[in-house]
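One-letter residues, chain by chain:
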Amino acid sequence: MTRLGLYGWGIVAPRSPDIDAFAKNLDSSESWLSPFRGFGPANFLVGDPEFDFSAYRSWIDERFKPNRYPQLREKMDEPSKYAIGAFIQSLRQNPGLEEELKRLGTAAHIYVGSGLGNIGTLYDNSLDLYRAQKRWNRFWADPERNALHREFLESGKLPAGAPRDPQDAAVGEREEVEHVWLDFWARHSDQLGLYLDELQAIEALAVEGDVEAGKMRLMKRRARLKTQLRQKWGDPPPPPWEAVSANVIWNIQNTPAAQISMLGEITGLAFSPVAACSTFGVALKLGADAIRRGEAKAVVVGATDPAPHPLVVGAFYAGRVLAASRDVSKPLGELRGTHIAGGAAVWVLGDYEHMSARGFEPLGMEPLGVGVSSDADHIITPSQDGPTAAIHLALEDAEVQPQEIEAWDLHATATPGDYQEIATLRGVVGDKVLVSARKGTFGHGMAAGGGWELTAQYLGHARGQLFPTPLREEDLNEQIATVHESFVYDTVCPAPKGVAGKLSMGIGGINACVVSRPW
């Protein structure tokens with residue numbers, strides 16, 4: 001079977017703008033979480049990524065025209081920027097790696113996914129659209145521009161299908177009722193219909209003559225005619241469709257992978273696997289498969305998430321899996337819930353024989369096998385059968401027996417599911433396996449978290465030690481202690497010399513298990 005190696009890695013995580021800071025921070029058992037300010041005062045802790053995109057400006061400026069960095073800064077949202085930063089870090093781990101990825105042509109692939117995507121961009125533009133729509137509706141609902149509204153004011157009789165008058169609504173619901181009210185009158189504005197007819201004539205103008213020169217002439221002509229149109233109609237506010245930024249489409253799920261392709265000049269397949277909390281493991285599986293099938297010699301794999309956002313924090317809280325008590329909720333402890341986090345993890349996976357022949361040195365551990373499965377059961381509560389199947393598939397792929405496993409890193413979200421996960425693990429491995437759980441350190445990155453945990457595992461085993469976690473021995477949940485007794489607590493411990501496993505379990509019941517061994 002084709003052997004695999006890891007030849008580059010980069011991290012963006014809480015308190016960790018890069019892989020070096022990440023490795024240094026792992027030496028401490030202190031949590032990296034901080035208070036969430038997205039709601040103003042609140043009781044949530046989150047993993048807020050430490051990141052400065054300008055740290056990568058010199059790298060970009062050396063390779064591209066001067067306008068490239070400003071374009072990326074202004075048009076790309078957080079997940080793309082985090083992924084770009086982590087990718088650039090990964091190229092620095094092995095001299096010549098950047099050139100080799102280019103040289104490989106279509107034999108170098110990119111599988112970098114996101115659990116949450118461009119949620120910040122969508123949120124901001126949704127607010128801009130809502131406000132613009134309300135200003136637009138208010139303008140065209142005005143009786144001066146709306147014959148039907150004037151008739152209502154004169155007769156006092158609402159037309160058929162009209163909503164409630166906001167004046168009749170309770171204070172708490174008045175804003176929503178007003179929005180519906182203005183929308184109704186704007187839709188029935190005779191003047192808006194005439195305005196849109198004139199606007200349509202402007203938009204219908206086509207390019208004439210030379211395409212490039214004609215395109216610029218057309219853009220200028222349309223802008224001039226639209227200005228004249230607005231002046232003619234009493235300067236209406238910009239239409240709502242002009243309130244939406246093109247950044248909405250510049251930041252779709254595939255954008256982080258596409259940007260890495262463009263910046264790295266990598267011409268092989270680039271796409272975004274989306275598998276919630278198992279995204280990193282699934283990307284690794286796809287990368288390993290592509291190399292073993294002979295379709296690729298190297299694959300950039302990874303995952304990236306936005307910084308904690310009010311929509312996500314609120315949704316996880318509504319899903320009853322988020323801690324809100326101002327203290328760190330430690331996996332395997334009181335099981336009060338998890339903490340949202342953002343950032344990225346990017347690896348460069350390669351064919352060991354191919355990369356070694358070109359002088360590249362593998363990092364961390366040797367990835368042996370990856371197993372993936374679905375629970376086909378519940379949207380958020382893990383099953384026993386699904387993760388068990390992923391573990392067995394990973395062991396089979398790695399050609400490893402369960403008794404060879406000596407260390408294991410859990411998905412463990414500090415929820416009641418931790419108990420089930422330990423019970424599931426013990427159904428496969430023995431009682432001497434040393435178990436770690438790290439979401440109390442950096443929080444729960446939806447897609448990137450699995451990459452952080454694997455990177456911590458690889459860094460530790462390469463050093464011959466397992467990094468501490470925030471969990472103290474006296475914090476261990478009593479019921480969990482009856483199932484298993486060997487855990488990584490708040491002190492450094494020697495790393496077992498044998499095989500190590502790592503399980504991720506994603507929303508929707510998507511599981512990914514990675515089995516690795518020290519070089």
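Calculation notes
- Numbers given for residues are sequential positions, taken from 1 along each chain in its written order.
- Local features are withheld for residues below a pLDDT of 70 in this predicted model, meaning they are given only at 70 or higher, and side-chain atom pairs are given and counted only at 80 or more; totals for whole chains, interfaces and linings count all residues.
- Hydrogens are left out, water is left out, and the side-chain values use all remaining heavy atoms of the structure.
- DSSP-based pairing: two strands are paired if at least 2 bridges between them are found.
- Helix and strand definitions here come from DSSP, where helices need a minimum of 4 consecutive H or I residues and strands a minimum of 2 consecutive E residues; each element is numbered from the N-terminal end.
- By the convention used here, residues are in contact when the closest approach between their heavy atoms is within 4.5 Å.
- For every element, the axis is a line fit to its C-alpha atoms; helices are fit only across the contacting stretch, and the angle between N-to-C directions ranges from 0 to 180 degrees.
- Throughout, the term roughly parallel applies to angles under 35 degrees, roughly antiparallel to angles over 145, roughly perpendicular to angles from 65 to 115, and oblique to all others.
- Residues are sorted three ways: Asp, Glu, Lys and Arg are charged, Ala, Val, Leu, Ile, Met, Phe, Trp, Tyr, Cys and Pro are nonpolar, and all the rest, Gly among them, are polar.
- We place a 1 Å grid over just the protein atoms. Points where a 1.4 Å probe fits but has no way out form a cavity, open points with protein on both sides within 12 Å along at least 5 of 7 lines form a pocket, and any residue with an atom within 4 Å of a point lines it.
- Grid points are joined across faces, edges and corners, and a volume is the space filled by probe spheres set on the points.

Draft legend 1. Looking closely at the sheet that holds strand β1 (residues 4–12). If you trace the five strands from one edge of the open sheet to the other, you get β1-β8-β6-β4-β5, paired in mixed fashion. The sheet is open, and its two borders are formed by β1 and β5 (270–271), each paired with just one other strand. Where strand β6 (residues 298–305) lies against strand β8 (residues 343–351), eight bridges are found, and the strand directions are antiparallel. From the neighbouring strand, Ala303 faces β8, where its bridge partner is Ala345. Contacts between helix α4 (residues 78–91) and the sheet are confined to β1, β4 (108–113), β6 and β8, with β1 contributing the most and set at about 130 degrees to the helix.

Draft legend 2. Up close: the packing of helix α9 (residues 190–203) against helix α10 (residues 211–232). Across the interface, α9 lies against α10 with an axial gap of 10 Å and an inter-helix angle of 170 degrees. Accordingly, the angle class assigned to the pair α9 and α10 is roughly antiparallel. Counted together, Tyr195, Glu198, Leu199, Ile202 and Glu203 of α9 and Arg222, Leu225, Lys226, Leu229, Arg230 and Lys232 of α10 form the full contact between these two elements. Classifying every residue of the contact of α9 with α10 gives five nonpolar, no polar and six charged.

Draft legend 3. Summary view of the layout of surface pockets. Counted as a void, the largest pocket has a volume near 420 Å³. Among the secondary structure elements, those contributing two or more residues to the lining of the largest pocket are α17 (417–426) and β15 (499–506). Per element, the largest residue contribution to the lining of the largest pocket is four residues, and it comes from α17. Within this model, the second largest pocket holds a volume of roughly 260 Å³. Lining the second largest pocket are 17 residues, with Asp77, Glu78, Gly120, Thr121 and Asp124 sitting closest to its centre. Within the residue set of the lining of the second largest pocket, elements represented by two or more residues are α3 (68–75), α4 and α6 (119–141). Per element, the largest residue contribution to the lining of the second largest pocket is four residues, and it comes from α6. Classifying every residue of the lining of the second largest pocket by side-chain character gives five nonpolar, seven polar and five charged.

Everything listed here is a matter of geometry and, on its own, says nothing about what the molecule does.
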